[in-house]
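So the chains spell out like this:
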Amino acid sequence: QKEVEQNSGPLSVPEGAIASLNCTYSDRGSQSFFWYRQYSGKSPELIMSIYSNGDKEDGRFTAQLNKASQYVSLLIRDSQPSDSATYLCAVLGSSASKIIFGSGTRLSIRP
Amino acid sequence: DVKVTQSSRYLVKRTGEKVFLECVQDMDHENMFWYRQDPGLGLRLIYFSYDVKMKEKGDIPEGYSVSREKKERFSLILESASTNQTSMYLCASSLQVPDYTEAFFGQGTRLTVV
């Protein structure tokens with residue numbers, strides 16, 4: 001079992017709709033959770049971080065964390081073509097020393 | 001703004017060469033990381049360092065070594081480059097605090113071994 005798992009996609013969502021990206025992790029003691037966005041040929045950039053159970057909202061983005069289910073999600077409201085990218089889920093494990101990334105979900109927003 | 005700078009954007013090396021990838025960060029971060037990214041495999045951790053002269057193996061350290069002589073600089077070394085090390089290499093840095101902060105990435109080095 002991979003430490004951090006994501007559906008590779010591609011996930012195709014119409015413009016203006018809600019895009020929902022999901023991630024599961026195996027280390028129950030994981031402490032911190034991150035969502036990165038990566039455009040083709042570019043480096044990953046952080047868009048959300050979440051540390052406690054529940055929802056965290058930032059503009060059109062909402063991160064959701066459920067530690068009991070070992071599940072993290074990212075919702076993107078009012079999806080725009082500029083949201084088309086690969087989204088990487090990252091987890092800081094119980095050792096608190098390294099961040100493990102999932103393989104990413106490719107999101108495509110169709111006009 | 002945090003800046004993480006990798007020495008080369010593109011690099012072409014021959015099989016068997018010793019290759020150095022350099023990374024410098026300017027925000028006094030304790031943690032530094034080297035990842036490689038391949039299609040379908042995501043980012044895989046090669047090595048990381050949480051202090052000067054300290055290093056720990058990540059998930060795929062074979063064929064690589066690292067050096068951290070100064071806090072701001074973290075080097076990845078391919079002792080004898082092989083074609084299966086052709087990849088995108090990403091350096092990152094972060095603070096080391098109780099409330100962990102995110103990793104900031106350099107622009108990446110696309111290495112081709114021929």
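Provided above is the structure to which this section pertains.
Residues numbered from 1 in each chain as written. Chains lettered and ligands numbered in written order. Predicted model: local features only at pLDDT ≥ 70, side-chain atom pairs only at ≥ 80, totals over all residues. Heavy atoms only, no water.

Undergrad: Lay out the packing of aromatic side chains with the relevant residues and their values.
TA: Evaluated as defined, the whole model comprises ten aromatic pairs over all chains. Aromatic pair Tyr36(A) and Phe105(B): ring centres 5.6 Å apart, planes at 90 degrees, arrangement edge-to-face. Of the two residues, Tyr36(A) is situated in strand β4 (residues 32-38) and Phe105(B) in strand β10 (residues 104-105); the pairing between them involves two chains. Accessibility assignment for this pair places Tyr36(A) and Phe105(B) in one class, buried. Taken together, the ring pairs in this structure connect Tyr36(A), Phe101(A), Phe33(B), Tyr35(B), Phe48(B) and Phe105(B) into an aromatic cluster. Positioned above the aromatic ring of Phe61(A) is the side chain of Arg60(A), whose terminal nitrogen or guanidinium carbon lies 5.5 Å from the ring centre. (Phe/Tyr/Trp six-rings, centres within 6.5 Å; stacked < 30°, edge-to-face > 60°. Helix = DSSP H or I, 4+ residues; strand = E, 2+ residues; numbered from the N terminus. Buried < 20%, exposed > 50% of the residue type's maximum accessible area, 1.4 Å probe, protein only. Lys NZ or Arg CZ within 6 Å of the ring centre and 35° of its normal.)

Undergrad: Mind laying out the nonpolar core, listing which residues take part and the relevant values?
TA: Counting 24 residues, the largest nonpolar core has Trp35(A), Val72(A), Leu74(A), Ile76(A) and Tyr87(A) as the members making the most contacts within it. Sorting the residues of this core by element identifies β3 (19-25), β4, β5 (45-50), β7 (61-66), β8 (71-76), β9 (85-92) and β11 (105-110) of chain A as the ones contributing at least two each. (Core = buried A, V, L, I, M, F, W, Y, C linked by side-chain atoms within 4.5 Å.)

Undergrad: Summarise the sheet that holds β8(A); cite the residues concerned and give the values.
TA: Residues and elements named next belong to chain A. Strand order in the open sheet formed by five strands is β1-β3-β8-β7-β6, with antiparallel pairing between adjacent strands. With one partner strand each, in any of the chains shown, β1 (4-6) and β6 (54-58) form the two edges of the open sheet. When strand polarity is set aside, the average angle formed by the axes of neighbouring strands in this sheet is 20 degrees. Two strands pair when backbone bridges link them, and β1 and β3 are joined in this way by three bridges, in the antiparallel orientation. By the bridge assignment, Glu5 is partnered in β3 with Thr24. (Pairing = 2+ DSSP bridges. Axes fitted to C-alpha atoms, helices over the stretch in contact; angles between N-to-C directions.)

Undergrad: I'd like to hear about the state of the cysteines, residue by residue, with values.
TA: All told, the structure shown has two disulfides over all chains when counted by the stated rule. Across the disulfide, Cys23(A) is cross-linked to Cys89(A) (sulfur-sulfur distance 2.1 Å). Looking along the S-S bond of the Cys23(A)-Cys89(A) disulfide, the torsion reads about -75 degrees, which is the left-handed sense. A residue pair is termed long-range when its members are at least 10 positions apart, and Cys23(A) in strand β3 and Cys89(A) in strand β9 qualify at 66 residues. The exposure class assigned to Cys23(A) is buried, which follows from its relative accessible area of 1%. The buried category is assigned to Cys89(A), whose relative accessible area is 0%. Across a sulfur-sulfur distance of 1.9 Å, Cys23(B) and Cys91(B) are joined as a disulfide pair. (Disulfide = S-S within 2.5 Å.)

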